[in-house]
Amino acid sequence: MVEGRKSEHTENLGNHGGRASSWLAVTVMLLGTVVAGYGMTAANWTLIWIGAGVFVVGGILALVFDIFTDVVIDAPRAGLNAEDHR
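Residues numbered from 1 in each chain as written. Predicted model: local features only at pLDDT ≥ 70, side-chain atom pairs only at ≥ 80, totals over all residues. Heavy atoms only, no water.

**Remarks on the overall build of the chain**
Argument step 1. A tally of helices and strands in the chain yields two helices and zero strands.
Argument step 2. When burial is assessed residue by residue, the chain has 17% of its 86 residues classed as buried.
Argument step 3. A fraction of 68% describes how many contacts in the chain between residues 6 or more apart in sequence connect residues 24 or more apart.
Argument step 4. Of the roughly 6700 Å² of accessible surface on the chain, 67% is carried by carbon and sulfur atoms. (Helix = DSSP H or I, 4+ residues; strand = E, 2+ residues; numbered from the N terminus. Buried < 20%, exposed > 50% of the residue type's maximum accessible area, 1.4 Å probe, protein only. Contact = heavy atoms within 4.5 Å. Areas by Shrake-Rupley, 256 points an atom, 1.4 Å probe, with all protein chains shown as cover.)

Right under this line is the structure:
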């Protein structure tokens, strides 16, 4: 394959961006992790449990939004030669 030219195998590889609802679920879980982590450093059990609760809510959102269906499998790479990887 000549550099600068696309083959039929590389034109439609899909993307892994995800939906906004999936990012919301992940953001809620991240927020819960941050709150619980801060609670641990501040030795505040209330913040730890609040963060854990927020994380569980994010996990429930992830199940409801079915975030694992966002993965896009790209085009198969069958037929590529060793020369194409240089």
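**A short note on the side chain of Ser22**
Argument step 1. Within the secondary structure, Ser22 is located in helix H1 (residues 20–41).
Argument step 2. Discounting chain neighbours no more than four positions away, the residues touching Ser22 are Ile67 and Asp70.

**As for the packing of H1 against helix H2 (residues 45–65)**
Argument step 1. Taken N-terminus to C-terminus, the directions of H1 and H2 make an angle of 165 degrees; their axes are 7 Å apart at the nearest point. In terms of orientation, H1 lies roughly antiparallel with respect to H2. For H1 against H2, the interelement crossing comes out left-handed.
Argument step 2. Across the contact of H1 with H2, the residue classes break down as 18 nonpolar, seven polar and no charged. (Axes fitted to C-alpha atoms, helices over the stretch in contact; angles between N-to-C directions. Parallel < 35°, antiparallel > 145°, perpendicular 65-115°, else oblique. Left-handed = near helix turned anticlockwise from the far one by under 90°. Nonpolar A, V, L, I, M, F, W, Y, C, P; charged D, E, K, R; others polar.)

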